[in-house]
Amino acid sequence: MLTAVGFASVYIARQDVISTASLTYAGFFFVLYLAAHLVARYTVPFADPYLLPIAGLLAAIGLTEIYRLQPDDAFKQGIWIVVAVALFALTLFLLRYDYRRLESYKYIFGLTAIALLLLPILPLIGLTVNGARLWVHFGALRFQPGELAKIALIIFLAGYMREKREVLAQGRLKDWGPLLVIWVLAMLVLLETRDLGGGLLYFGIFLAMLYVATSRMAYVAAGLGLFLVGAVGVWKVTPHVQERVTIWLHPWTASKVYCPLSGQLELRQNCQSFQLVKSLYSIGHGGYAGTGLGKGTVSTIGPDPHPLIPGATTDFIYSVLSQELGLVGAAALVLVYMIFVLRGMRTALLAQDGFSKLLAAGLTFGFALQTFIIVGGILRLIPLTGITLPFVSYGGSSVVANFVLLAGLLLVSNRANREALR
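Residues numbered from 1 in each chain as written. Predicted model: local features only at pLDDT ≥ 70, side-chain atom pairs only at ≥ 80, totals over all residues. Heavy atoms only, no water.

1. Let's talk about the packing of aromatic side chains
Aromatic rings considered in pairs are described by the distance between their centres and by the relative angle of their planes. For clarity, the cut-off: Two aromatic rings from Phe, Tyr or Trp, using only the six-membered ring of Trp, form a pair when their centres are within 6.5 Å; if the ring planes differ by under 30 degrees the pair is stacked, by over 60 it is edge-to-face, and anything between is tilted. Each helix is a run of H or I in the DSSP string that is no shorter than four residues. Each strand is a run of E no shorter than two, and both are numbered from the N terminus. Only protein chains enter the accessibility calculation, which uses a 1.4 Å probe; a residue whose area is less than 20% of its type maximum is buried, one above 50% is exposed, and one in between is partly exposed.
Counting across every chain of the model gives twelve aromatic pairs. Relative to Phe93, the ring of Tyr42 has its centre 6.0 Å away and its plane inclined at 45 degrees; by these criteria the two rings are tilted. Taken together, the residues span a long stretch of sequence, with Tyr42 in helix H2 (residues 20–43) and Phe93 in helix H4 (residues 71–95) at a distance of 51 residues. A relative accessible area of 56% means that Tyr42 is categorised as exposed. Ring pairs connect the aromatic residues Phe88, Tyr337, Phe340, Phe367, Phe391 and Phe403, which therefore count as one cluster.

What follows is the structure, encoded as structure tokens:
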């Protein structure tokens, strides 16, 4: 982890010709991650030794690229990383003795998840960005409550499914009641916010944890069938989703079509699918070895340059990294995510009690599915959604939620490894 942060620090310093300010900035984050390491060693000494370094590596890569693209955003991201590491340390300190007491408050976590998902559709504080209501704001502060809702929902599902796993496997309807009520409410809220990526993420986590709890593949198959039916229904009634699917299937057109952005006839690649098409060109331009870190083409040249890839620091940061690092570097980045998921699932397998198994599996699968949704959307494997790349993309609520997720995995891993050594 320290090597990764040191790499980012040196790069940032070199970009400013080793100015005093940049060295101070880089040194501060080096100390910050060192403090996170020491807190983890004190509170969870038996935890998996690879999870925190991997998170540090991904965060360092993200901060480096954000600094290269938008230095002002890098400063804001740095502040959020400080907040995230503080909450990471606080979570470890508060739950280091027994995190399993969270199970006693599972219904509170379930209702909290619903409340967080409701916030963006409330008047005055809700914001619509790119056709989806995902954001809330309080003055200058903006964040996505859905990121924290994901963790709250996983805790609820882990607690409820641990308690009802045997009867859930038997399929008695009355025992599915509270689970289905909260889940249906969550889906209705997601439909109202028009968040296609969030709906896929939450439904995927639900099915994965249901399979872990019951070992019934039939439930997964039925859930996938219901999801396909629901997805078609949402596609037919929601113009925003229809546009996303059209962009996915037909990003290029040979003849001009109506452009809702300008109100005129345009080629689709110059209108709705401009961002996706430029992203694909960026990836192709990188080739096998890439153009070199910091040497990618991300904006036009001239007296009035404008970005070639809108949202390069958020939704499409993987495209920029693929151009600068090439196929080899982009694949290596995905491999880092796979190692994180592997260690997380190993933690779930080592856990001795049902709540810990379900919690670790849910947190890990949520992390994996979120990564797949954004990378798959950028590569046109699935329709593009507005989900962030964990630890790497610019976004305060995302980095905070992922560090809390990391703390949860370390807590489970610490207990599992400690019991295995007895």
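2. Notes on the state of the cysteines
For clarity, the cut-off: The disulfide definition used here is simple: a pair of cysteine sulfur atoms within 2.5 Å.
Evaluation of the coordinates by the stated rule reveals one disulfide. Each disulfide pairs two cysteine sulfurs, and for Cys259 the partner residue is Cys271, the sulfurs being separated by 1.8 Å. On the sign convention where negative is left-handed, the bridge of Cys259 and Cys271, at about 75 degrees about the S-S bond, is right-handed. A residue pair is termed long-range when its members are at least 10 positions apart, and Cys259 in strand S4 (residues 257–259) and Cys271 in the loop between strand S5 (264–266) and helix H11 (274–286) qualify at twelve residues. Cys271 shares its class with Cys259; the two are buried.

3. Some details on unusual backbone geometry
Generally, phi is negative for residues other than glycine and the peptide bonds are trans, each holding for most cases. Despite not being glycine, Ser215 shows a phi value in the positive range, around 60 degrees. Residue placement: Ser215 occurs in the loop between helix H8 (196–214) and helix H9 (217–237).

4. Focus on helix H10 (residues 239–249)
This is how it is decided: Within this analysis, the arc is defined by the directions that extend from the helix axis to the C-beta atoms.
When H10 is considered as a whole, its buried residues turn out to be His240, Val241, Arg244, Val245 and Ile247. The buried residues of H10 occupy an angular sector of 160 degrees when projected down its axis, which confines them to one face.

5. Comments concerning the packing of helix H6 (residues 145–170) against helix H13 (residues 354–378)
Here is the rule we go by: The axes used here are C-alpha line fits, helices contributing only the stretch in contact, and every angle between their N-to-C directions lies in the interval 0 to 180 degrees. By convention the crossing between two helices is left-handed if the near helix lies anticlockwise of the far one by an angle smaller than a right angle, and right-handed if it lies clockwise. It only takes one pair of heavy atoms within 4.5 Å for two residues to be counted as in contact. In the scheme used here, Gly and all other residues not listed as nonpolar or charged are polar, with Ala, Val, Leu, Ile, Met, Phe, Trp, Tyr, Cys and Pro taken as nonpolar and Asp, Glu, Lys and Arg as charged.
Following both chains from N to C, one finds H6 and H13 inclined at 145 degrees, their axes separated by 9 Å at the closest point. Between H6 and H13 lies a crossing whose hand is right-handed. Contact residues: Glu147, Lys150, Ile154, Ile155, Ala158, Gly159, Met161, Arg162 and Arg165 in H6; Gly354, Phe355, Leu358, Leu359, Gly362, Leu363 and Gln370 in H13. For the contact of H6 with H13, the residue count by class is eight nonpolar, four polar and four charged.

6. Section: the nonpolar core
To be explicit about the condition: In plain words, nonpolar cores are sets of buried Ala, Val, Leu, Ile, Met, Phe, Trp, Tyr and Cys residues tied together by side-chain atoms within 4.5 Å.
Judged by nonpolar contacts, the single largest core of 98 residues is most densely connected at Leu58, Phe88, Leu92, Met161, Leu359, Phe403 and Leu406. Here Leu406 is in contact with Leu51, Leu52, Ala55, Phe88 and Phe340, once residues within four sequence places are set aside.

7. Observations regarding the packing of H4 against helix H14 (residues 396–420)
The criterion, for reference: For classification, angles of less than 35 degrees are called roughly parallel, those exceeding 145 degrees roughly antiparallel, those between 65 and 115 degrees roughly perpendicular, and all remaining angles oblique.
In contact at an axis separation of 8 Å, H4 and H14 are set at 25 degrees when each is read in the N-to-C sense. In this view, H4 runs roughly parallel relative to H14, as classed from their interaxial angle. Considering only the axes of H4 and H14, their crossing is right-handed. Contact residues: Gln77, Trp80, Ile81, Val83, Ala84, Val85, Leu87, Phe88, Thr91, Leu92 and Leu95 in H4; Gly396, Val399, Val400, Phe403, Val404, Leu406, Ala407, Leu410 and Leu411 in H14. The class makeup of the residues in the contact of H4 with H14 is 17 nonpolar, three polar and no charged.

That is the geometry; function is a separate question.
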